[in-house]
Amino acid sequence: MTTWDRTASNPGGDRSASGRVRLRTEPVLPVLRPETNGTQVDANRVAVFDIRDMAVFYGSNCALAHTSLKIYRNLVTAVIGPSGCGKSTFIRSLNRMNDAIPSFRLEGQVLYHGHDLYGSGANRVEVRRRIGMVFQKPNPFPKSIYDNVAWAARNLGMKHGLHDRVEQALRQAALWDEVKDRLKQSALGLSGGQQQRLCIARAIAIEPDVLLLDEPASALDPVSTAAIEELILKLKNRFTIAIVTHNMQQAARVADRTAFFSLDTTGPERFGTLVEYGDTETIFRGATDSRTRDYVAGRFG
Amino acid sequence: MSTGTPLVLGETGLFDPSAPLTPSGNLRRRTWVNTFVRITATAAALFAVAILVIVIFGVVQRGISSLSLAFVTQTPQGLAGGGIFNYIVGTVEVIALGAIIALPLGILTGLYLTEFAGPRSRLAGVIKLALDMMQGLPTIVVGLFIYGLIVIPQHKQSGLAASFALAIVMLPLMARSSQEVLLLVPNSLREAADALGVNRWRTVISVIVPSALGGIATGAILAIARAAGETAPVLICNSIYDPNHTSLNIFHGVPTIPMLIYTSVDLPLPDAVARAWTAALVLVVVILCANIGARVMLARSRAKMGL
C-alpha cells in the first residue's frame, strides 16, 4: 500500500463526478517536497491512522461524512474548523470514545496501523490503552497528584518501577518541578493549567502510541496555553499527537499537518466534512479551497 | 525496567503498536474480572427485582380467587363475607385529608429550599437535615405522637387523627421530591426571569413550577402511595370503627384497608384470611399502578424539560 491517498489521483477539482467532497491531501508526484517547516511526508513515514471515507451518525443525524485522511507517526496533526463541523466527533472516533453514545454509528474505515479500529477483532479497552486522550476541561481524579499518574499504570500491571514512571511522566509533562514536594496532596488543589498538564502526564504515564487532545487549552489562560503548546512540541518526538483546536494560531504554532473541517451546506442535509488537509504551512499560506482560505483569514467561524 | 538507566516514556517499547488490537498485557485477566463483576452486579439487581416479583406473585396467588367486582363494590357481611367497599372509601378519606395537609406544605417547603433560601442559607441546611430525619422517623412513633396530641384529649380515635399522622409521613417525602425536581429546572431560566425585572414569586408560579410540574406530581403520587400502605399510625389512631358500614364521618374511626388486613389475618376463619389476602392484592395493585403512572409522568415531564 502506498502512502498516497486514492484521492491524490484527483488533484484537480474538489468535487468528483459523484458530487462528493474530494480531498487534495497529497501532491501528485511521489517525490519529497521541499518543505518549509522541516517536515517531510514521504513514503517512509508511517501512517498511524488511515481513515477511509469515514461517516459518523448519531441516530439518523449525520455529524460527519466523506472524511479520508492519514495521520502520520510523530507528527502533530491539528484539526481546525468552525463549531459544529464534527472536529470532536472525528477525534473521539479515533479511540472509540463515541461508543458510549447509544445512537452512535460509524461508516467507512478507520485503520490503525492497518488494523480496523471498529473491526470485530478490536478490543476497545486495548484501543484506548494504545490511543490516549486528554479532554477540553481538565478532569483529574479526586486523588493525590501521585495517584492520578500512577492509577492507570497500576491497573495495567506496570507496578515495576512505578515511582520512576510517575516521576518521568510528570517531568515529561513539565510539571515535576512544580509538584515534586506535594505529590501526596490532592490534584484538585492544582491550578487549571497544572491540572491539564497532570492529565497529560496521566495519559503518557502508560506510554500510549497516540495522544489525542480535544481542545486541551481552550479552558486555560494564555500562559498555561503556552506551556501546553511547548509540551506538545516536546512530546511529538515520542508520541503521535492529534489535536483539535478552534484556535487557528495554536494550530499554526504546534502542528506539522493541519486538517480543516467545515460544514457542508450544499446539500439538503448539513454535516461536517474534511475540506482540506495538508502541511500546516500550506493550509495557512496557500490553501487551495476558498473555504479554507476564508476561515484561516478569519472571515468566518 | 532497570532503575539504572533513566526511563524515557514512549521509548520503552511496552507494546508493539502495529500488533492486532486484541487484548495485550494483563487485559485478558482484567476482562475476566470485569465480566465477573458485571455478571455479579446484574445478578444482584435481578435478585432485588425477583423479590418484588415473588411478593407480588404470592399476593396474587392467594388473593386472586376471592377477587370480584362485588369484593370492591359491596360492604362486608359478617367477619368474612361480602366486599371491602367501606374500607376502600375509608382509606381514600384518610389519605385524601392527609394529602390535602401534606402536599401544599411539602411543595412550599421544596420551593423555599430551592427558590427562596439563599445558596448558603443555614436555615435551609437545618430544614433539609430535619426533613431527612423526619423521613427516617418510625411511623409508629408518629402514630404515638398523634395519639397523645389528638386521640387522648378527645377520648376518641378518628380518621382525622390518622390523617394527621399520615400527613407527617408524607410531608418529608413531598418536600424532598419537590426540591429535587425543582433543582433540575435550569438556573438559566431563573436568570432569564430575573433579568426581566420580575419578582421571584411570579417567576416561581409561572415559569419554574410549570417546568417542574410533572416531577412534583410524581412525588405527590409516590408519597400518597407510601402513606396508603402505612399501618402503624392507623392502628394507633384509627382502629376502633364500625367494620360493616361505610363511614363518611372523618371525626370518628373509619375503616381502612391496612386495618382490615391486620385484623383479618388474626381471625381463626379461613375465609377472613382469604379476604385479607384479597384486600392486600387490591392495595398492592393500586400502589403499583400509582407508581407506574408516576414514573410515566416523570419521564414525560423530563422529556418536556429536555433532560
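Thresholds, definitions, all that
Residues numbered from 1 in each chain as written. Chains lettered and ligands numbered in written order. Predicted model: local features only at pLDDT ≥ 70, side-chain atom pairs only at ≥ 80, totals over all residues. Helix = DSSP H or I, 4+ residues; strand = E, 2+ residues; numbered from the N terminus. Rg over C-alpha atoms; globule rule 2.2 N^0.38 Å. Buried ≥ 20, exposed ≤ 12 C-beta atoms within 10 Å, placed from the backbone. Contact = placed C-beta atoms within 7 Å. Nonpolar A, V, L, I, M, F, W, Y, C, P; charged D, E, K, R; others polar. Pairing = 2+ DSSP bridges. Axes fitted to C-alpha atoms, helices over the stretch in contact; angles between N-to-C directions. pLDDT = per-residue confidence, 0-100. Left-handed = near helix turned anticlockwise from the far one by under 90°.

**Student:** Give me the lowdown on the overall build of chain B, citing residues and values where you can.
**Tutor:** Across its full length, chain B holds 11 helices and two strands. Starting at the N terminus and walking to the C terminus, you meet the elements of chain B as α-α-β-β-α-α-α-α-α-α-α-α-α. By the compact-globule yardstick of 19 Å for 307 residues, chain B is too spread out, its C-alpha radius of gyration being 27 Å. Here the C-alpha coordinates of chain B stretch approximately 90 × 60 × 35 Å along the principal axes. Counting over 307 residues, chain B shows a buried share of 34%. Within chain B, contacts between residues at least 6 apart in sequence are counted, and of these 77% link residues at least 24 apart.

**Student:** Just give me the short version of the interface of chain B and chain A, but keep the residues and values in it.
**Tutor:** Listed as interface residues are 20 residues of chain B and, on the opposing side, 25 residues of chain A. Partitioning the side of chain B that touches chain A into residue classes produces 11 nonpolar, eight polar and one charged.

**Student:** Could you give an account of the sheet that holds strand S5 (residues 115-116) of chain A, with specific residues and numbers?
**Tutor:** All names here are of chain A. Pairing in this open sheet of 10 strands is mixed, and the strands run S5-S4-S1-S2-S10-S9-S3-S8-S7-S6 from one edge to the other. Looking at the sheet topology across the chains shown, the edges are occupied by S5 and strand S6 (131-134). Relative to the sheet, helix H6 (residues 192-204) contacts S6 and strand S7 (210-214), its axis offset from that of S6 by approximately 170°.

**Student:** Please give an account of the pairing of strand S1 (residues 47-58) of chain A that cites residues and values.
**Tutor:** Residue and element names in this part refer to chain A. Across eight bridges, the pairing between S1 and strand S2 (residues 61-72) is antiparallel. Counterpart to Asp50 in the pairing with S2 is Lys70. Counting the residues between successive antiparallel strands, the hairpin from S1 to S2 contains two residues, one of them, Gly59, with a positive phi of roughly 65°. Sheet topology places S1 next to strand S4 (residues 104-112); eight bridges connect them, and they run antiparallel. By the bridge assignment, Val56 is partnered in S4 with Leu106.

**Student:** So what about the confidence of the model for chain A? Which residues, and what values?
**Tutor:** A residue-level look at chain A finds 85% of positions with pLDDT of 70 or above and a mean pLDDT of 86. Every residue in residues 1-40 of chain A scores below 50 in pLDDT, and together they form 58 contacts with partners more than four places removed in sequence or on other chains.

**Student:** Account for the environment of Lys236 of chain A, with residues named and values stated.
**Tutor:** All names here are of chain A. Within the fold, Lys236 resides in the loop between helix H7 (222-235) and strand S8 (240-244). Taking C-alpha positions, Lys236 is 9.2 Å from Leu211, a pair spaced 25 residues apart along the chain. If sequence neighbours within four positions are ignored, Lys236 has contacts with Asn74, Leu75, Val76 and Ile241.

**Student:** Give a detailed account of the packing of helix H3 (residues 85-116) of chain B against helix H6 (residues 159-184) of chain B, specifying residues and quantitative values.
**Tutor:** Helix packing geometry: the angle between the two helix axes and the distance between the axes. All names here are of chain B. It is at 6 Å that the axes of H3 and H6 come closest, and there the two elements cross at 35°. The two elements H3 and H6 meet at a crossing, and its hand is right-handed. Along the lines of polarity and charge, the residues of the contact of H3 with H6 split into 21 nonpolar, 10 polar and two charged.

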